[in-house]
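Residues per chain, in single letters:
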2 protein chains.
Amino acid sequence: MATIKDVAKRAGVSLSTVSRVLNGHPYVADELRSRVLDAIEALNYRPNRVAQRLRAARSHLVGVIFSDVKNPFYTLVLSGIEHILSEQGLSVLISNSNTNQDREDNFTALMLAEEVAGLIVAPVQEDSPVLAEVVQNGLPVAVIDRRMCGLSVDTVLADNQSGACMAIRHLIQLGHRRIAILNGPQRLTSGRERYAGFLQAMGEAGLDIDPGLVWYGDYQMESGYTLTRELLRLPQPPTALFVANNLMTIGVLNAIHEAGCNIPEDLAVIGFDDVPWAVSLNPPLTTVAQPSFEIGVRAARLLLDRIAAPDRPACTTVLQTRLMVRASCGAAGRRHKTQQSERR
Amino acid sequence: MATIKDVAKRAGVSLSTVSRVLNGHPYVADELRSRVLDAIEALNYRPNRVAQRLRAARSHLVGVIFSDVKNPFYTLVLSGIEHILSEQGLSVLISNSNTNQDREDNFTALMLAEEVAGLIVAPVQEDSPVLAEVVQNGLPVAVIDRRMCGLSVDTVLADNQSGACMAIRHLIQLGHRRIAILNGPQRLTSGRERYAGFLQAMGEAGLDIDPGLVWYGDYQMESGYTLTRELLRLPQPPTALFVANNLMTIGVLNAIHEAGCNIPEDLAVIGFDDVPWAVSLNPPLTTVAQPSFEIGVRAARLLLDRIAAPDRPACTTVLQTRLMVRASCGAAGRRHKTQQSERR
DNA sequence: ATGCGATCTGAAAACGTTTTCATATATTAT
DNA sequence: ATAATATATGAAAACGTTTTCAGATCGCAT
C-alpha cells in the first residue's frame, strides 16, 4: 500500500503539500498540485483512514447497535441509515446486542475505542448508565425504536400507542370483544406504549380487561409460538389476538396453523409491524405498518445534524403508523382476490 | 478518555510497562503489574483501537460486504459470522453493495483503508479485478454464496445444483411436466448452478425444455412480482414454477394471489431458500433450505483460519441443502394440519 | 531601499499505541 | 570473584496522517 510519503517522494514535494492538496487547502501552486495529483493517480494512493482518524479525530465511521439484526424491521432501518450515511462518505460499524445489556455495553465501549463519529442505537432497556455517560461526554448519539428514560438524546420511533390503538379499534369495530394481547417486554417503552394503545382502545369501547388475556413475550418468534399454543388451550379462548411485533407474529401464525385453527373464524390476528409477505399469508395478515426505512433515514439525518451542531437541544421524532387492512381479522370478505396491488 | 500515558503516570511507571501488562508480556514484576491494573481500573481505561491498529497492524475489524442486506438469507449469514467472530473479540464492519460493482469496489478499497483483518464478501459478479488484487496482496478473504472465476480464494456456499435438482425432481414426481423456472441472474454462479440443477432433473426425466418457460429475474421481490404477472397471462401456462430465491418468491406469491390463482391447483410453486414463515403462507410453501447461519459460521472460521495461516491453499466448502416438503406443490393432501412442528 | 501583507512550502510535532533497543539488577554457573 | 544468563524497566522510534510553526518568495505601497 502506498503512503503519503511515497506520493510526496514521487511528486518531489513535502508531506505537508500532499496533505494540503488531499484536503483541498488553499495556497498550493497549480504546478505542485497537479504533480501531486499525478503521483496519487500513478501510485493508486488512498489515504489510510486509521491514521487519519488517530491524528485528526475526524472519523468516517458511524456505529450502529441493534438489539436483534435478524428482525426485518432493523434490516430496513439499516437500509435507511446506510442510504443517508453513504451519501456523506460515512460507513457503518454494526453490531448486535442480542437484547443483552452486557453486550450492548461492551459494544458501546468498543465504538468509543474505534473513535466513531457517532452512534445509532436501539437500546436493550430504557436506562443505560454506559450510554448515558457516552452521551454526557459529548459523543453524538441517536436512539431508535424506543425511548431512554432520564436521558436527553435524539430519538426517532413510531407512534406505538396510536398504532396499537388503531389495531384494537379495528378489531372492536369488527365485533370482537374478547381480545387478547401478546405484549412485548414491558421494560421497553415500545412494549409499554403498545400496551397503552391496547388499554386506550379497550377503555374507549367500555370493554373490561381480562387479565387472563394479557400475555407477555420477548419479541422473538419462539415466544409467539409457545405462548399461542398455551393460549389456544384456554377454556374460554379469545376471538382476536393483537401481537406486538412481527417476529412473534410469525410464531403465532405457525402455532395457529399447526393447531389446525382457522383465521379469522376461530381466532382473528393482527400484527404490529408490516412485512412484504403479509399479503401471501394464510390468510393475508392485517398489520400496523411502521415506516422502518424512514426511521433509519431520520435517525441518520439527526445524527449528522448533531455532529454538525453538538449543542442543539435533543429532539424526538415520532412517525405515524398505518393500518394495513387485509383478511386476518375478518374485514375483507373474500380471501385473496380482494387486495390492491401491494407488492411494495 | 484516559490514555495509556495517564495510566502510566498514575501507576508511576513507563508507557512500555503499561503496554506490557496490557498485552500480557512476560517480565513484569507483580507489584508493578498490580499498580498498573489498579490505575487502569481507576481511570476506566480502554486502549484506543485506532492507535493500536495503526501501530501494530493488528486489527480487530473484519469487513463484510453483502450484495443485499435486506435479504433474510444474508441476515442469517451475518448472525453466523458474528457468532464466531465475536468469540474472538473481532467486530464487523458491514456494507451493502446493492448488487452494484462500483459500490463493491469502493467498499473494498474502504475496507483496506480501514485496515481490516480480513474480508467476507458476497461478490456482485464472478470476476472482480479489485477483489482479485486484494487477494493477491495477501489480505485474507472469504467469499460466500457464489464462486469467483479464475481466483483462488476460500469459498463457502450451498450445493445449488443438487438443491435445484431436488426441487424439480419433487415436482416431476408429483406429476408436473410443464415446469417453469424463474432463474436468478446468470452472471452469478448461484444462478447458473440452480439452472443447471433444473436442466439436470428435466433431462433425467426425459422432459424437453420449453424456452418460453425459462425466465430470468434479478433476485429481487419486484422482478418476481412482475414476471409472474406476465407468466400467468401465457396462453399455455405451466403447471409448476421453480423460483430461484426467497425474495423473488415473495413477489411471485403476491402476484399469484393478486391474480386470484390457487396454489397448487392452478400453479404449483417451489422456492429456493427457506424462510421461517413458509409454514404460514397460503398454502405452506415447499422450499429448498440452505444452511444460512452455517454458511456464515464456516466463512468466519475459514477467515480466522487463513488469518492464522496465510499460505494454506484455498478451499471451497459446499454445504448440503434440504427439501422442505409442504403443500405448495400438491404433495401434502391437507393444507395446514399436517405439518410437524416447524417453528425453528 | 524598506516594510508589509499575501502566497507558498517544508520541518517537525502530535495523535495513542507497540516494539526495539539499551540498560540495570538479580540470579545462577564457573 | 567473575562471567553469563534471566529478569525487569524505561527511552525512543515507529505507524501514516494532519496541523502548527517558521520561513521563503513575491508583489506592492511607502
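Here the structure is shown first, and the text comes after it.
One structure accompanies this document, and this report is about it. (Residues numbered from 1 in each chain as written. Chains lettered and ligands numbered in written order. Predicted model: local features only at pLDDT ≥ 70, side-chain atom pairs only at ≥ 80, totals over all residues. Heavy atoms only, no water.)

### Some words on the side chain of B:Asp145
All names here are of chain B. Examined against the element boundaries, Asp145 turns out to sit in the loop between strand 4 (141-144) and strand 5 (154-158). Looking at Asp145, the relative accessible area reads 5%, which means it is buried. Polar side-chain contacts of Asp145 include one of 3.2 Å to the side chain of Arg146. Residue contacts for Asp145: discarding those within four places in its chain leaves Phe73, Tyr74, Val156, Leu157, Asn160, Ser190, Arg194 and Gln290. (Helix = DSSP H or I, 4+ residues; strand = E, 2+ residues; numbered from the N terminus. Buried < 20%, exposed > 50% of the residue type's maximum accessible area, 1.4 Å probe, protein only. Polar contact = N/O pair within 3.5 Å; in protein donor to acceptor, adjacent residues only side chain to side chain. Contact = heavy atoms within 4.5 Å.)

### Remarks on the protein's contact with DNA strand D
Close contacts around DNA strand D come from 25 residues, with A:Ile4, B:Thr17, B:Arg20, B:Ala29 and B:Arg55 the closest. Each atom of DNA strand D within 4 Å of the protein was assigned to sugar, phosphate or base; sugar and phosphate come to 59%. Contact between DNA strand D and A:Ile4: a phosphate oxygen at 2.7 Å from a main-chain N or O atom of the residue. In the environment of DNA strand D, a phosphate oxygen lies 3.4 Å from a nitrogen or oxygen atom belonging to the side chain of A:Asn23. If you list the elements that add at least two residues to the surface near DNA strand D, you get helix 2 (15-22) and helix 4 (49-56) of chain A together with helix 2 (15-22) and helix 4 (49-56) of chain B. (Near = heavy atom within 4 Å.)

### Topic: the sheet that holds strand 10 (residues 286-289) of chain B
All names here are of chain B. An order of 7-6-8-9-10-12 is seen for the 6 strands of this open sheet, with the pairing classed as mixed. Two strands close off the open sheet at either side, each with one partner strand: strand 7 (214-216) and strand 12 (322-324). Direction aside, neighbouring strands of the sheet carry axes that sit 15° apart on average. Here 3 bridges tie strand 9 (residues 268-272) to strand 10, and the two strands are oriented parallel to one another. By the bridge assignment, Ile270 is partnered in strand 10 with Thr286. Strands in contact with helix 8 (residues 160-173) are strand 6 (179-183), strand 8 (240-243), strand 9, strand 10 and strand 12; relative to strand 9, the strand with the most contacts, it is inclined by about 165°. Against the sheet, helix 9 (residues 189-204) makes contact with strand 6, strand 7, strand 8 and strand 9, and its axis sits at roughly 170° relative to strand 6, the strand it touches most. (Pairing = 2+ DSSP bridges. Axes fitted to C-alpha atoms, helices over the stretch in contact; angles between N-to-C directions.)

### Notes on the protein's contact with DNA strand C
If you check the shell around DNA strand C, you find 25 residues, and the closest are A:Thr17, A:Arg20, A:Ala29, A:Arg55 and B:Ile4. Atoms of DNA strand C within 4 Å of the protein: sugar and phosphate make up 60%, bases the balance. A distance of 2.7 Å is found between a base nitrogen of DNA strand C and a side-chain nitrogen or oxygen belonging to A:Arg20. Between DNA strand C and B:Asn23, the relevant distance is 3.4 Å, taken from a phosphate oxygen to a side-chain nitrogen or oxygen of the residue. For the surface near DNA strand C, the secondary structure elements donating two or more residues are helix 2 and helix 4 of chain A together with helix 2 and helix 4 of chain B. Tallying contributions element by element places helix 4 of chain B first for the surface near DNA strand C, with 4 residues. Here the surface near DNA strand C is composed, by residue class, of 12 nonpolar, 9 polar and 4 charged. (Nonpolar A, V, L, I, M, F, W, Y, C, P; charged D, E, K, R; others polar.)

Bear in mind that shape data such as this cannot, by itself, settle questions of function.
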